[in-house]
Amino acid sequence: MSVELIGLLGLIALFILLGLRIPVAFAMFAVGFTGVSILNSPQAALSQLASDSFSLAAKIELVVVPLFILMGNVATETGMSRKLYDAAYAWIGSIRGGLASATVVACGGFAALSGSSVASALTIGRVSLSEMKRFDYDDRLSTGVVAAGGTLGILIPPSTGFVIYALLTQESIGRLFLAGVLPGLLLLSMFILTIMVITWIKPSMGPKGPQTTFSEKMRSTTGAAPILLVIVLTIGGIYTGIFSPVEASAVGAGLVILFGILMGKLNFKKFWKAAQDSVVTTATVMLILISAYMIKTFLALSHIPAWLGTYLESLAIPVLGVLAIMLAIYLILGCFLEGFAMMVLSMPIFFPVVQQLGIDPIWFGVLVVLTLEMGLISPPVGLNVFIVKSVAPDVSLGKMFRGVAPFWFAMLATLALLVAFPQIALILPDTMIN
Amino acid sequence: APGMSETVKFAHWVPPAHTLTKSTIEPLQAAVEGSGLEIEVYPGGELGAGPLEQYVRVVQGVADIVWGLQGYTSSQFPLTMVSELPGAKPDDMTGYDMIWSAYDEGLLDGEFPGTKPLALWLSEPNVFIMKDVDVRTPADLEGLKIRVSGSAAASAVESLGATPVQMPAGEIYNSLQTGLIDGVITGASAIGDFKLDEVANSYTLNAPLGHISFYVVMNQAKYDSLPDDQKAAIDSIAGRELSKSAEEGWYARANSVIEEISAMDDNTVYTLTDEERAAFEELTYPIRDNVVAEVGGEEVLATMRGE
Amino acid sequence: MFARIKNWADWLISLSALIGTIGLVAEVAVILIDVIGRFFGSPLSGAQDLAQMGMVLIVFGGMALCDKIGGHVNVDLFEGTMPRWMIWAGDFVSALIGAAIFIGIAWTTWQSIYLMRFQMGIVQTTNIIDLQFDWFKAAIVVMSAITAFAMILRAIGLILTGDNGQESRGHA
Ligand code: NA
Ligand code: NA
């Protein structure tokens, strides 16, 4: 049996295990472990289990996972999230789906500080889902918005996705960051447009709230002042170089704890509950990330990416056709892999093809990052959706995938626009960096 | 005649375009070609995430050969890392000769258990990579925040009056951009590897800041299990020869990066005169002596320097 | 007898989660002290060492509790169309796979400690303040063993009573 066939069978086995309700992380471990045992050796698979567990758990960049979850949990326990959504409701609640749009904007804002889709989806999800429920928003819309909105984290700079792409391809990080700005804003607008269309067709998905007076608006804004201050201080601290985006997660958590205590809204019992809940969610998320690494190694050993690369080179079709196939491959791989793992695995193989075809590498980077994110929210295996599920255990995955579908099509439309008009990505880097 | 064909896995965590490929992996592959031994490369952490567990990986057999930096787990390599210290390497010696001189005397055996070192070498000298600060004297560093990776480097930075800041390599770019740090001390090749030239603008060379040491090691049991002609093929390059190729590759990369950044108008690239360098030596050499005494590395250092 | 063992397991699960939670609180404190200290020119020495090793406790501390309260994400797309026995079988297989994974993590992590430390005499530590990896790897061993133990008990419980014994997570 060829190694590629073993790889393919492994992926089919993964689908079956998932269909049988085996937890995502367990299924990926089981398939990855078995695959590595066959293609390398059982001893290698066992050792990898240990070394990946330790090195990923000790990876400093992933500190944002528990700390941003803690920030979201404390903000929720102390009612700060509620105050924030009261304010948003007062300002734009009278528009259909207004809170959902506000959440997408919040995702975009959070993206601008965290650089990570996982962190965006987790934090905004923790803060916003129960709030949108309180205002009678449909679970499908609210979870869809958060899962999709989280993907802005990797498009709007700073983006860890672009950094990885740049280091793998030797492209300029600065140019890639600039190239992500307009597509990020375009995608954000497309998401809002999608919300407007959904709630126009079916108003009960995001019902209209009452009109509010100006003084009501101001009163609710004052109520949200502490959490708004946390946001301003956190973003401000990053951009003035006082702390890094990773450290911002501790600063954000520390500030909401401090304000919670000062306002008398946070006692020890509430705090402990929020902290313990964060530890549990961290376990869920990190186990998925560790298991995704096991799958990555399995795929690398199966030589499937290399085989795909050879196949692409052999195609005698126009550049756009090759590009379309490459993006389709990313969509499919996105089912199984976490975004960075996928980039590391594929870029060494695809990038030479891209260069050979004369495709603009910066433009390609933006397309790849966007496509990766689509893979992360597409059914049946979408890591971003699983991550949102970890903070919304009561909403079924089926509902989430249905909710995320319209946003997936919005991303597809954005992708089409970017393919048709490369200038959207390239105009900023071309004009601002000679 | 070539024996049975055998594949060994070489794992590292940098992109395939990294200097490592041309300077080290390809010569190794070329040397064993025809012996029936194939070296299959898994770049970018495909066989496991990040540098921390790299040595454990090769010992436990996740990979057969790995590349790594001693500095990521310094406690395992106190004696090898003496070679990194400021002022350890005499100008007329190469880094790999130093390390292999000590290795061949059996002085470093305790630091590479379970493996056969194929290459051990030093990077090009560390330099100051700064944003908006021209470093000419130690006083220019007063109160600045400088990114470091190890404790010896941290002491050196402190001795120069600056504040050492720890952060993962991938965060250096952003941190220089926002001003979280004022500079980095590392080899010039990192300027290219991490695109630091986009955010830094002042570089100072010829400061006594030491080097970075690297290893390529092979699982000993795997090596022992190979047929004799394949062992011989590996032995034909393992040791000083492969290390020389690696070290020269690093220097060549550094030189081309320095040439590149020197050609850009918005950069200042300055080489300290020997008098200017002396002012730094006064502060960093005592660090070397402290560390050597701490780890009991007097004999190792003397052997490395051929004294 | 089974109930008594289960009580012990619950106690161990709580202990593990307690360590993880304390780790999280310490993590916030360490990074904040470092950031504030750095602002005034004297950062916390070894803050990254502490943050990295603290993460190990946070990540693995919550594993057992996460499993106990059914916190792992699964694909429930076809749950409605499945017969009861199939759901039972899925729960049972999940508990077994989970137990195997965590036994694997515990065993191989112990192996790596044993090999490096006791056979080869290598003690790996963090770079700035020399925290020994082995202590944190030992925490992974113990916490993973507790998680595996709880999963085995769940599998037994599924055979004895047919009940998966997981608490529903509910909204916080
Ligand atoms: Na971002
Ligand atoms: Na997907």
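None of these values were measured; they are calculated from a predicted model.

Peer 1: Looking at this structure, how should I read the overall build of chain A?
Peer 2: Secondary structure summary: chain A contains 22 helices and zero strands in total. Relative to a compact globule of 434 residues, whose C-alpha radius of gyration would be 22 Å, chain A shows 22 Å and is just as compact. By principal-axis analysis of the C-alpha atoms, chain A measures approximately 70 × 50 × 45 Å. Relative to its full complement of 434 residues, chain A shows a buried share of 65%. Sequence-distant contacts in chain A: of pairs separated by 6 or more residues, those separated by 24 or more amount to 79%. Summing over all exposed atoms, chain A offers an accessible surface of approximately 14100 Å²; the carbon and sulfur share of this is 72%. With 22 positive and 19 negative side-chain charges, chain A shows a separation of 14 Å between the mean positions of the two kinds.

Peer 1: Got a minute to help me understand the packing of aromatic side chains in this structure?
Peer 2: Aromatic rings in a pair are described by how distant their centres are and how their planes are angled relative to each other. Scanning the entire structure with this criterion turns up 30 aromatic pairs over all chains. Centroid distance W408 of chain A to F409 of chain A: 5.2 Å. Interplanar angle 85°. Geometry classified as edge-to-face. Here Y103 of chain B and F112 of chain B contribute two aromatic rings whose centre-to-centre distance is 6.2 Å and whose plane-to-plane angle is 70°, an arrangement assigned as edge-to-face. Assigned by exposure class, Y103 of chain B and F112 of chain B land together as buried. An aromatic cluster is defined as three or more aromatic residues linked by ring pairs; in this entry it consists of W13, W67, Y72, W121, F214 and W250 of chain B. Above the face of the W91 of chain A ring, K217 of chain A is positioned so that its terminal group lies 5.9 Å from the ring centre. A cation over a ring is seen here: K137 of chain C above F54 of chain A, with NZ or CZ 5.1 Å from the ring centre.

Peer 1: Just to check I follow, could you spell out the nonpolar core for this structure?
Peer 2: Nonpolar side chains in soluble globular proteins tend to be buried together. Grouped together as the largest cluster of nonpolar side chains are 286 residues, with contacts concentrated most on W67 and W121 of chain B together with F60 and F102 of chain C. It is helix α15 (residues 268-302) of chain A that provides the largest number of residues to this core, a total of 20 residues. Counting 18 residues, the second-largest nonpolar core is a separate cluster that includes F128, V148, I185 and A207 of chain B.

Peer 1: Which parts of the structure should I look at to understand the sheet that holds strand β7 (residues 163-166) of chain B?
Peer 2: The pairing of strands in a sheet happens through backbone hydrogen bonds and is either parallel or antiparallel. Residues and elements named next belong to chain B. Spatial ordering of the open sheet is given by β7-β6-β8-β5-β9-β11, a layout of six strands whose pairing is mixed. Each edge of the sheet is formed by a strand with only one pairing partner; in this case those strands are β7 and β11 (268-271). Between one strand axis and the next, the sheet turns through 30° on average, direction left out of account.

Peer 1: Which parts of the structure should I look at to understand the pairing of strand β1 (residues 6-11) of chain B?
Peer 2: Strand residues, when the strand is regular, have side chains that alternate between the two faces of the sheet. Residue and element names in this part refer to chain B. Among the six residues that make up β1, five are buried, leaving the element largely enclosed by the rest of the structure. In the sheet, β1 pairs with strand β2 (residues 37-42) via six bridges, with the strands oriented parallel. Residue pairing in the sheet places T7 in a bridge with E38 of β2. Crossover β1 to β2 through helix α1 (residues 19-32) is right-handed. Here β1 pairs with strand β3 (residues 65-69) via two bridges, running parallel. Bridge pairing links A11 to V66 in β3.

Peer 1: I keep staring at the environment of L122 of chain B and nothing clicks. Help me out?
Peer 2: Residue and element names in this part refer to chain B. Take L122: it is sitting in strand β4 (residues 115-122). Given a relative accessible area of 1%, L122 falls into the buried group. Expressed as a C-alpha distance, the spacing of L122 and K89, which sit 33 residues apart in the sequence, is 9.6 Å. When near neighbours in sequence (up to four residues on either side) are disregarded, L122 contacts S83, E84, K89, G95, Y96, I99, H211, I212, S213, E247 and Y251.

Peer 1: What's the story with the interface of chain B and chain A in this structure? I'm lost.
Peer 2: A common way to report how large an interface is uses the accessible area buried once the components associate. Each side of the interface is counted separately: chain B has 32 residues, and chain A has 42 residues. The largest per-residue losses of area from chain B upon contact with chain A belong to E46, A49 and K195 of chain B, which jointly make up 18% of the total buried on that side. There are one salt bridge connecting chain B and chain A. For the salt bridge of R57 of chain B with D52 of chain A, the shortest nitrogen-to-oxygen distance reads 3.8 Å. One can count 12 residue pairs in polar contact (both at pLDDT 80 or more) joining chain B with chain A. Going through the elements one at a time, β2, α2 (54-60), α5 (172-178) and α6 (189-193) of chain B are the ones with two or more residues in the side of chain B that touches chain A.

Peer 1: Explain the pairing of β3 of chain B here, please?
Peer 2: Residue and element names in this part refer to chain B. In terms of residue burial, β3 counts as a mostly covered element, since five of its five residues are buried. Side chains I65, W67 and L69 of β3 all project onto a buried face; the interleaved residues V66 and G68 project onto the opposite face, where all are buried too. In this sheet, strand β10 (residues 213-219) lies alongside β3 in antiparallel orientation, the contact comprising five bridges. Along β10, the bridge assignment pairs I65 with M218.

Peer 1: Sorry if this is basic, but what is going on with the interface of chain C and chain A here?
Peer 2: With 63 residues of chain C at the interface, the matching set in chain A holds 59 residues. Buried surface at the junction of chain C and chain A, both sides included, amounts to about 5400 Å², of which 76% is carbon and sulfur. Scanning the region where chain C abuts chain A turns up two salt bridges. Those elements giving two or more residues to the side of chain C that touches chain A turn out to be α1 (2-39), α2 (47-61), α3 (63-68), α4 (84-119) and α5 (133-161) of chain C.

Peer 1: Sorry if this is basic, but what is going on with the pattern of salt bridges here?
Peer 2: Any two side chains of opposite charge can pair, given that their charged atoms come close. Under the criterion given, the structure shown has 24 salt bridges over all chains. In this structure, D139 of chain A engages K133 of chain A in a salt bridge whose closest nitrogen and oxygen atoms are separated by 3.1 Å. We classify D139 of chain A as buried; its relative accessible area is 15%. A relative accessible area of 41% places K133 of chain A in the partly exposed class. Here D235 of chain B and K116 of chain B are joined by a salt bridge, their closest N and O atoms 3.2 Å apart. Of this pair, D235 of chain B sits in helix α8 (residues 228-235) while K116 of chain B is found in strand β4, placing the two residues 119 residues apart along the sequence. Assessed through its relative accessible area of 38%, D235 of chain B is described here as partly exposed. Judged by relative accessible area, K116 of chain B falls into the buried class, the value being 18%.

Peer 1: I'm lost on a positive patch on the surface in this one. Help?
Peer 2: All names here are of chain A. Taken together, the side chains of R82, K83, K265 and K270 make up a positively charged region of the molecular surface. Note that K270 resides in helix α15. Judged by its relative accessible area of 31%, K270 is partly exposed.

Peer 1: What am I meant to see in a nonpolar patch on the surface here?
Peer 2: A contiguous nonpolar patch, built from M1, L5, L8, L9, I12, F15, I16 and L20 of chain A and spanning about 760 Å² of accessible area, is present on the exposed surface. With respect to the helices and strands, the residue L9 of chain A is situated in helix α1 (residues 3-19).

Peer 1: What exactly am I supposed to notice about the sheet that holds β1 of chain B here?
Peer 2: Residue and element names in this part refer to chain B. In space, the five strands of this open sheet follow the order β2-β1-β3-β10-β4, with mixed pairing throughout. In the strand order of this sheet, the two ends are held by β2 and β4, each with one partner. Neighbour-to-neighbour, the strand axes of the sheet open up by a mean angle of 20°, direction not taken into account. In terms of strand pairing, β4 meets β10 through seven bridges, oriented antiparallel. Bridge pairing in β10 places A119 opposite V216. Sheet contacts for α8: β1, β2, β4 and β10; angle to β4, the most-contacted strand, approximately 15°.

Peer 1: Teacher, can you tell me more about the confidence of the model for chain B here?
Peer 2: Caution applies to low-pLDDT regions: their predicted coordinates should not be interpreted in detail. For chain B, the mean per-residue pLDDT works out to 93, and 99% of the residues sit at or above 70. Interface confidence in the predicted complex, given as ipTM, is 0.89; pTM for the same model is 0.89.

How each quantity is defined
- Residues numbered from 1 in each chain as written.
- Chains lettered and ligands numbered in written order.
- Predicted model: local features only at pLDDT ≥ 70, side-chain atom pairs only at ≥ 80, totals over all residues.
- Heavy atoms only, no water.
- Helix = DSSP H or I, 4+ residues; strand = E, 2+ residues; numbered from the N terminus.
- Rg over C-alpha atoms; globule rule 2.2 N^0.38 Å.
- Buried < 20%, exposed > 50% of the residue type's maximum accessible area, 1.4 Å probe, protein only.
- Contact = heavy atoms within 4.5 Å.
- Areas by Shrake-Rupley, 256 points an atom, 1.4 Å probe, with all protein chains shown as cover.
- Lys, Arg positive; Asp, Glu negative; His and termini not counted.
- Charge placed at Lys NZ, Arg CZ, Asp CG, Glu CD.
- Phe/Tyr/Trp six-rings, centres within 6.5 Å; stacked < 30°, edge-to-face > 60°.
- Lys NZ or Arg CZ within 6 Å of the ring centre and 35° of its normal.
- Core = buried A, V, L, I, M, F, W, Y, C linked by side-chain atoms within 4.5 Å.
- Pairing = 2+ DSSP bridges.
- Axes fitted to C-alpha atoms, helices over the stretch in contact; angles between N-to-C directions.
- Right-handed = clockwise from strand over helix to strand, strands pointing away.
- Buried area = accessible area lost by both parts, 1.4 Å probe.
- Salt bridge = Lys/Arg side-chain N within 4 Å of Asp/Glu carboxyl O.
- Polar contact = N/O pair within 3.5 Å; in protein donor to acceptor, adjacent residues only side chain to side chain.
- Patch = residues over 30% accessible without salt bridge, like charges linked within 9 Å, V, L, I, M, F, W, Y side chains within 5 Å.
- pLDDT = per-residue confidence, 0-100.

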